[in-house]
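Spelled out, the chains give:
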Amino acid sequence: MMSNWSEQEKQQFPDNLVTWYEDEKRELPWRENRDPYRVWVSEIMLQQTQVDTVIPYFERFMTLFPTMHIFAEAPEELILKAWEGLGYYSRVRNLQTAMKEVVELYDGIVPTDKETVLALKGVGPYTAGAILSIAYNQPEPAVDGNVYRVYSRLMEIEDDIAKAKTRKVFEKVVAETISQTNPGAFNQALMDLGATICTPKNPKCAACPVAQYCRSHASGTMLNFPVKTKKIKTKQRYLVTAIIQNNAGEILVQQRPETGLLANMWMFPSIEADKPFADLATSFKIGLDLPVYVNQESLGQVKHVFSHLKWEVETLTGIITTDEFKLPENYRFVSITAMKHLPFPVPYQKVWQLYLKTRSGMRDE
DNA sequence: AATTCGGGGCG
DNA sequence: CGCCCAGAATT
């Protein structure tokens, strides 16, 4: 689709937006400079993740891994721990794969060529555009959720943003209107505009620096945009997990498979099904086949919602009945101190909190 | 083209 | 509760 803007509008819009940005931009840790390493890390963290969530993770990450080389050489357990709670954990594993490649093939210099950047693991069309425009000042579109919302409103673009091919429509209109002199500031201005002014529910059009260009503002149709059809249904899953201690008071933990949900993260030994378990303790014993005594009484349930499924986790306790058995590869007995160094997904952090709460309650009684 | 990948914030 | 968030990889 061609934009419905006049040549004059196309010419003036980027300067107005960049001027607003220079004046009103948010001070964010990754905006201290244009270091491609920092820009890259921030863009990966910000995928599907809000700015306020990312800020403390980014600060810790830069303290832990001040350079690309240090990050590239870090053990996986440490990089997952640095990502713990952020979600989409393949992001940090792909990031390390890609940065190892940059260190080895390009002497640690992030490539400036679009095809080369796009070929890096975890770097798609949005992130490539963000890196090239912000770090290297190249006039590349970086189409994300903000850009869909801002441009669909600006030009009343009715293409369904749930469809894959729609991204190209927006890349085209951004390319037609991007600032040639300061594309990095321009793209970041679109982010700030989308986050602070052109918001999904209550857009603050009175404060918008580019309302004069906005077709949906003129016709009052802001809330009709962007058009998005897809609705996803979440599936319910039932888990049973158990805090199991040996005679030394160590906790039994289990590492998840290297692919799929929460890949390579740790958890308490668990079994899963699509229906509730009738007999928790028995199901658990049979499911795991370890020499444990499992208490019949549950500590309670932990609920957790993912983007595409829901977990209800029954939490049990147990003890090892004999040391005479061989622990499978993906299991480990760890002290509580050592456990704190392993990456656990949030639902299992909730399980641990439930366990601690129950124990403190027992002491009080 | 559709599904799979987390987790939190908000009306 | 459902939608959104500085999306990408896999199927």
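Keep in mind it's a predicted model, so treat the numbers as computed, not measured.

Draft legend 1. Highlighting empty space enclosed by the protein. All told, the structure shown has one cavity of 30 Å³ or more when counted by the stated rule. In this model, the largest cavity occupies a volume close to 120 Å³. Looking at the largest cavity, it is lined by 16 residues, and the ones nearest its centre are R153, C198, C205, C208 and C214. The set of elements that each furnish at least two residues to the lining of the largest cavity consists of α9 (145-155) and α12 (215-219). Residues that form the lining of the largest cavity fall into these classes: 12 nonpolar, two polar and two charged.

Draft legend 2. Representation of the environment of Y293. With respect to the helices and strands, Y293 occurs in strand β5 (residues 292-294). Along the chain, Y293 and T317 lie 24 residues apart, while their C-alpha atoms are 8.7 Å from each other. Not counting the four nearest positions on each side in its chain, Y293 is found in contact with T317, G318, I319 and T321.

Draft legend 3. Expanded view of helix α1 (residues 7-24). Compared with the 26 Å implied by 1.5 Å per residue over 18 residues, the 26 Å span of α1 between its first and last C-alpha is a close match. All of the buried residues in α1 are E9, K10, F13, P14, L17, V18, W20 and Y21.

Draft legend 4. A look at the UniProt feature "domain: HhH-GPD" (unreviewed entry) in chain A. Mapped onto the present numbering, the UniProt feature "domain: HhH-GPD" (unreviewed entry) falls on residues 45-196. Helix makes up 66% of residues 45-196 and strand 0%, and the two end C-alpha atoms of the span are 19 Å apart.

Draft legend 5. Inspection of the protein's contact with DNA strand B at higher detail. In the vicinity of DNA strand B lie 19 residues, with Q48, T49, Y88, Y89 and L262 positioned nearest. The sugar-phosphate share of atoms of DNA strand B within 4 Å of the protein amounts to 57%. In this structure, a base nitrogen belonging to DNA strand B sits 2.8 Å away from a side-chain N or O atom of T49. One of the backbone nitrogen or oxygen atoms of V346 is found 3.2 Å away from a phosphate oxygen of DNA strand B. Residues that form the surface near DNA strand B fall into these classes: nine nonpolar, nine polar and one charged.

Draft legend 6. Geometry of the protein's contact with DNA strand C. The full set close to DNA strand C counts 28 residues, and Q48, G122, Y126, D144 and R149 are the nearest of them. Counting only atoms of DNA strand C within 4 Å of the protein, the fraction found in sugar and phosphate groups is 67%. For DNA strand C, a base nitrogen lies 3.3 Å from a polar atom in the side chain of W30. For the surface near DNA strand C, the elements supplying multiple residues, two or more each, are α8 (125-136) and α9. Taken together, the residues that form the surface near DNA strand C break down as 11 nonpolar, nine polar and eight charged.

Draft legend 7. How the structure looks around the layout of surface pockets. Of the voids in this model, the largest pocket is the one considered here, and its volume is about 1400 Å³. Listed by contribution, the elements that provide at least two residues to the lining of the largest pocket are α3 (51-64), α8, α9 and α11 (183-196). In terms of residue class, the lining of the largest pocket is made up of 17 nonpolar, 10 polar and nine charged. Approximately 480 Å³ is the volume attributed to the second largest pocket.

Rules of the game
- Residues numbered from 1 in each chain as written.
- Chains lettered and ligands numbered in written order.
- Predicted model: local features only at pLDDT ≥ 70, side-chain atom pairs only at ≥ 80, totals over all residues.
- Heavy atoms only, no water.
- 1 Å grid on protein atoms, 1.4 Å probe; cavity = no way out; pocket = protein on both sides within 12 Å on 5 of 7 lines; lining within 4 Å.
- Points joined across faces, edges and corners; volume = space filled by probe spheres on them.
- Helix = DSSP H or I, 4+ residues; strand = E, 2+ residues; numbered from the N terminus.
- Nonpolar A, V, L, I, M, F, W, Y, C, P; charged D, E, K, R; others polar.
- Contact = heavy atoms within 4.5 Å.
- Expected span 1.5 Å × (residues − 1).
- Buried < 20%, exposed > 50% of the residue type's maximum accessible area, 1.4 Å probe, protein only.
- UniProt positions renumbered as here; feature names shortened; annotations may be inferred.
- Near = heavy atom within 4 Å.
- Polar contact = N/O pair within 3.5 Å; in protein donor to acceptor, adjacent residues only side chain to side chain.

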